[in-house]
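Breakdown of the fold
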Amino acid sequence: TAGRRSSFWEVGWSPASDRLDYWYFSHQEDRRDLEVRSCALDGSNEVIIVNEQRMGSFTWVTPDRLIYSKSGDPGGIESANLWEIRVARDGTPQSSPRKITDWSGFSVDGMSASADGKRFQFMRGISRVSIYLADWENDAKRIKNLRPVEIDDNYNLVLSWMPDSQAIIFSSKRAATRLMYKQAI
(Lines give C-alpha, C1' and ligand atoms only; values in the text may rest on other atoms or scores of the structure.)
Protein backbone atom coordinates (compact mmCIF):
# COMPACT_ATOMS: atom_id res chain seq x y z
CA THR A 1 0.00 0.00 0.00
CA ALA A 2 1.35 3.41 -0.91
CA GLY A 3 1.72 5.82 1.98
CA ARG A 4 0.21 9.29 2.23
CA ARG A 5 1.39 11.54 -0.65
CA SER A 6 2.99 8.51 -2.31
CA SER A 7 2.28 6.31 -5.31
CA PHE A 8 3.74 3.41 -7.20
CA TRP A 9 3.85 2.40 -10.85
CA GLU A 10 5.87 0.49 -13.46
CA VAL A 11 5.31 -2.84 -11.74
CA GLY A 12 7.28 -5.87 -12.93
CA TRP A 13 8.45 -9.33 -11.91
CA SER A 14 11.75 -10.57 -10.61
CA PRO A 15 13.45 -13.03 -13.01
CA ALA A 16 12.30 -15.94 -10.78
CA SER A 17 8.72 -14.54 -10.78
CA ASP A 18 8.61 -14.76 -6.98
CA ARG A 19 8.84 -11.02 -6.25
CA LEU A 20 7.36 -7.79 -7.58
CA ASP A 21 9.51 -4.80 -8.41
CA TYR A 22 8.11 -1.30 -8.80
CA TRP A 23 8.74 2.42 -8.67
CA TYR A 24 7.74 4.03 -5.42
CA PHE A 25 7.35 7.80 -5.47
CA SER A 26 7.00 9.75 -2.24
CA HIS A 27 6.51 13.50 -2.18
CA GLN A 28 6.87 15.06 1.24
CA GLU A 29 7.03 18.76 2.09
CA ASP A 30 10.80 18.75 2.50
CA ARG A 31 11.88 16.09 -0.03
CA ARG A 32 11.01 13.75 -2.89
CA ASP A 33 12.06 10.15 -3.18
CA LEU A 34 11.99 8.01 -6.32
CA GLU A 35 12.88 4.44 -5.50
CA VAL A 36 12.86 1.01 -7.05
CA ARG A 37 11.46 -1.37 -4.46
CA SER A 38 10.87 -5.09 -4.34
CA CYS A 39 8.57 -7.25 -2.21
CA ALA A 40 7.35 -10.83 -1.96
CA LEU A 41 4.12 -11.60 -3.79
CA ASP A 42 2.15 -11.24 -0.55
CA GLY A 43 3.60 -7.74 0.02
CA SER A 44 6.04 -8.80 2.75
CA ASN A 45 9.83 -8.45 2.84
CA GLU A 46 9.92 -5.07 1.08
CA VAL A 47 13.39 -3.77 0.21
CA ILE A 48 14.63 -0.57 -1.44
CA ILE A 49 16.90 -1.54 -4.31
CA VAL A 50 17.85 1.95 -5.46
CA ASN A 51 16.88 5.54 -4.61
CA GLU A 52 17.61 7.85 -7.54
CA GLN A 53 15.91 11.17 -8.29
CA ARG A 54 16.96 11.20 -11.97
CA MET A 55 15.85 7.65 -12.81
CA GLY A 56 13.98 7.13 -16.06
CA SER A 57 13.18 3.41 -16.21
CA PHE A 58 14.38 0.07 -14.83
CA THR A 59 14.29 -3.68 -15.37
CA TRP A 60 15.47 -6.67 -13.36
CA VAL A 61 17.58 -8.45 -16.00
CA THR A 62 18.95 -11.54 -14.23
CA PRO A 63 18.48 -12.80 -10.67
CA ASP A 64 21.51 -10.78 -9.57
CA ARG A 65 21.34 -7.69 -11.82
CA LEU A 66 18.98 -4.70 -12.06
CA ILE A 67 19.50 -2.10 -14.81
CA TYR A 68 18.10 1.44 -14.72
CA SER A 69 18.40 4.61 -16.77
CA LYS A 70 19.53 7.82 -15.16
CA SER A 71 19.70 11.30 -16.58
CA GLY A 72 23.22 12.65 -16.20
CA ASP A 73 22.05 16.14 -16.97
CA PRO A 74 19.99 17.82 -14.24
CA GLY A 75 19.38 20.85 -16.50
CA GLY A 76 18.34 18.90 -19.56
CA ILE A 77 16.27 15.91 -20.54
CA GLU A 78 18.28 14.03 -23.15
CA SER A 79 21.38 12.68 -21.54
CA ALA A 80 20.44 9.28 -20.12
CA ASN A 81 22.81 6.41 -19.42
CA LEU A 82 22.32 2.89 -18.16
CA TRP A 83 23.42 1.93 -14.67
CA GLU A 84 23.53 -1.47 -13.01
CA ILE A 85 23.31 -2.60 -9.44
CA ARG A 86 23.97 -6.13 -8.24
CA VAL A 87 21.16 -7.54 -6.10
CA ALA A 88 20.44 -10.63 -4.02
CA ARG A 89 17.48 -12.81 -5.02
CA ASP A 90 15.29 -10.80 -2.61
CA GLY A 91 16.37 -7.50 -4.22
CA THR A 92 18.74 -6.45 -1.44
CA PRO A 93 21.52 -4.36 -3.04
CA GLN A 94 24.86 -6.16 -3.19
CA SER A 95 26.90 -3.37 -4.81
CA SER A 96 26.97 0.34 -5.44
CA PRO A 97 25.40 1.50 -8.72
CA ARG A 98 27.83 1.39 -11.66
CA LYS A 99 27.47 3.33 -14.92
CA ILE A 100 27.61 0.92 -17.88
CA THR A 101 27.05 3.23 -20.90
CA ASP A 102 28.39 6.59 -22.02
CA TRP A 103 25.60 7.97 -24.18
CA SER A 104 24.21 11.43 -24.84
CA GLY A 105 21.51 13.01 -26.94
CA PHE A 106 18.50 10.90 -25.97
CA SER A 107 16.39 9.65 -23.09
CA VAL A 108 15.88 5.98 -22.18
CA ASP A 109 12.48 4.62 -21.07
CA GLY A 110 10.28 1.55 -21.27
CA MET A 111 12.99 -1.00 -20.54
CA SER A 112 12.45 -4.75 -20.27
CA ALA A 113 14.56 -7.88 -20.55
CA SER A 114 13.86 -11.27 -22.09
CA ALA A 115 13.12 -14.08 -19.63
CA ASP A 116 16.59 -15.56 -20.11
CA GLY A 117 18.22 -12.14 -19.52
CA LYS A 118 20.15 -12.31 -22.81
CA ARG A 119 18.19 -9.61 -24.64
CA PHE A 120 17.06 -6.18 -23.65
CA GLN A 121 14.75 -3.59 -25.18
CA PHE A 122 14.15 0.08 -24.46
CA MET A 123 12.70 3.20 -26.03
CA ARG A 124 15.14 5.84 -27.16
CA GLY A 125 13.52 9.28 -27.03
CA ILE A 126 14.52 12.56 -28.54
CA SER A 127 12.63 15.76 -27.79
CA ARG A 128 12.76 18.66 -30.14
CA VAL A 129 11.78 22.13 -29.03
CA SER A 130 11.52 24.94 -31.58
CA ILE A 131 11.00 28.63 -30.89
CA TYR A 132 8.57 30.47 -33.16
CA LEU A 133 7.51 34.09 -33.59
CA ALA A 134 4.12 35.26 -34.75
CA ASP A 135 2.28 38.55 -35.11
CA TRP A 136 -1.17 39.20 -33.66
CA GLU A 137 -4.02 40.00 -35.99
CA ASN A 138 -7.54 41.30 -35.24
CA ASP A 139 -6.91 42.44 -31.66
CA ALA A 140 -5.04 39.27 -30.64
CA LYS A 141 -7.72 36.90 -31.89
CA ARG A 142 -5.57 35.26 -34.60
CA ILE A 143 -1.90 34.91 -35.40
CA LYS A 144 -0.20 35.61 -38.70
CA ASN A 145 3.31 35.56 -40.08
CA LEU A 146 4.34 32.45 -38.11
CA ARG A 147 8.09 31.84 -38.47
CA PRO A 148 10.81 29.85 -36.68
CA VAL A 149 13.57 31.57 -34.76
CA GLU A 150 16.77 29.92 -35.96
CA ILE A 151 19.20 29.82 -33.04
CA ASP A 152 21.01 26.44 -33.00
CA ASP A 153 20.31 22.75 -32.40
CA ASN A 154 20.56 22.92 -28.61
CA TYR A 155 17.56 22.43 -26.33
CA ASN A 156 16.54 26.12 -26.18
CA LEU A 157 13.66 27.35 -24.04
CA VAL A 158 12.16 30.77 -24.67
CA LEU A 159 11.79 32.84 -21.51
CA SER A 160 10.73 36.40 -22.35
CA TRP A 161 11.03 39.48 -24.53
CA MET A 162 13.46 42.29 -23.80
CA PRO A 163 11.63 45.48 -22.72
CA ASP A 164 12.36 47.16 -26.10
CA SER A 165 10.70 44.25 -28.01
CA GLN A 166 13.79 43.93 -30.20
CA ALA A 167 15.18 40.68 -28.73
CA ILE A 168 14.12 37.57 -26.84
CA ILE A 169 15.70 35.91 -23.82
CA PHE A 170 16.09 32.13 -23.90
CA SER A 171 17.90 29.49 -21.92
CA SER A 172 20.20 26.91 -23.44
CA LYS A 173 22.47 24.18 -22.14
CA ARG A 174 25.56 24.54 -24.32
CA ALA A 175 28.15 23.50 -21.77
CA ALA A 176 28.03 22.09 -18.25
CA THR A 177 25.22 24.37 -17.07
CA ARG A 178 22.07 25.94 -18.49
CA LEU A 179 22.53 29.68 -19.13
CA MET A 180 20.39 32.56 -20.39
CA TYR A 181 21.04 34.20 -23.77
CA LYS A 182 19.71 37.13 -25.76
CA GLN A 183 18.75 36.84 -29.44
CA ALA A 184 17.99 39.89 -31.59
CA ILE A 185 14.79 39.59 -33.59
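In what follows, the accompanying structure is described.

What counts and how
- Residues numbered from 1 in each chain as written.
- Predicted model: local features only at pLDDT ≥ 70, side-chain atom pairs only at ≥ 80, totals over all residues.
- Heavy atoms only, no water.
- Helix = DSSP H or I, 4+ residues; strand = E, 2+ residues; numbered from the N terminus.
- Rg over C-alpha atoms; globule rule 2.2 N^0.38 Å.
- Buried < 20%, exposed > 50% of the residue type's maximum accessible area, 1.4 Å probe, protein only.
- Contact = heavy atoms within 4.5 Å.
- Areas by Shrake-Rupley, 256 points an atom, 1.4 Å probe, with all protein chains shown as cover.
- Lys, Arg positive; Asp, Glu negative; His and termini not counted.
- Charge placed at Lys NZ, Arg CZ, Asp CG, Glu CD.
- Pairing = 2+ DSSP bridges.
- Axes fitted to C-alpha atoms, helices over the stretch in contact; angles between N-to-C directions.

**Some thoughts on the overall build of the protein**
Looking only at helices and strands, one finds zero helices and 15 strands in the protein. Over its C-alpha trace the protein gives a radius of gyration of 22 Å, far above what one expects of a compact globule, namely 16 Å for 185 residues. Overall, the protein is about 65 × 35 × 30 Å in size when its C-alpha atoms are taken along their principal axes. Across the 185 residues that make up the protein, the buried fraction comes to 35%. Within the protein, contacts between residues at least 6 apart in sequence are counted, and of these 28% link residues at least 24 apart. Carbon together with sulfur atoms contributes 50% to the accessible area of the protein, which is approximately 11500 Å² in total. Taking the average place of the 25 positive charges on the side chains of the protein and the average place of its 25 negative ones, the gap between the two points comes to 3 Å.

**Comments concerning the sheet that holds strand β3 (residues 32-40)**
Read from one edge to the other, the open sheet built from four strands follows the order β1-β2-β3-β4, with strand pairing classed as antiparallel. Among the strands making up the open sheet, the edge pair consists of β1 (6-13) and β4 (47-51). Going from strand to strand, the sheet's axes swing by 25° on average, the running direction of each strand aside. Pairing geometry for β3 and β4, over four bridges, is antiparallel. Within the sheet, the bridge partner assigned to Glu35 lies in β4 and is Asn51.

**Notes on the sheet that holds strand β8 (residues 98-99)**
Overall, antiparallel pairing links the four strands, which are arranged β5-β6-β7-β8 in an open sheet. Every other strand in the sheet has two partners, leaving β5 (55-62) and β8 as the edge strands with one partner each. Bridging between strand β6 (residues 65-71) and strand β7 (residues 80-86) involves seven bridges; their strand directions are antiparallel. By the bridge assignment for β7, Ser71 is matched with Ala80.

**Let's talk about unusual backbone geometry**
In this structure, Ser17 is a non-glycine residue whose phi angle is positive, near 60°. In this fold, Ser17 is placed in the loop between β1 and β2 (19-27). In this structure Ser17 comes out as partly exposed when scored by relative accessible area, which is 43%. One non-glycine residue with positive phi stands out, namely Asn45, at about 55°.

**Examining the pairing of strand β13 (residues 157-161)**
Where β13 and strand β14 (residues 167-173) come together, four bridges link them in antiparallel fashion. From the neighbouring strand, Trp161 faces β14, where its bridge partner is Ile168. The hairpin turn running from β13 into β14, its antiparallel successor, is five residues long, and Ser165 in that turn takes a positive phi close to 60°.

Geometric values such as these leave the question of function open.
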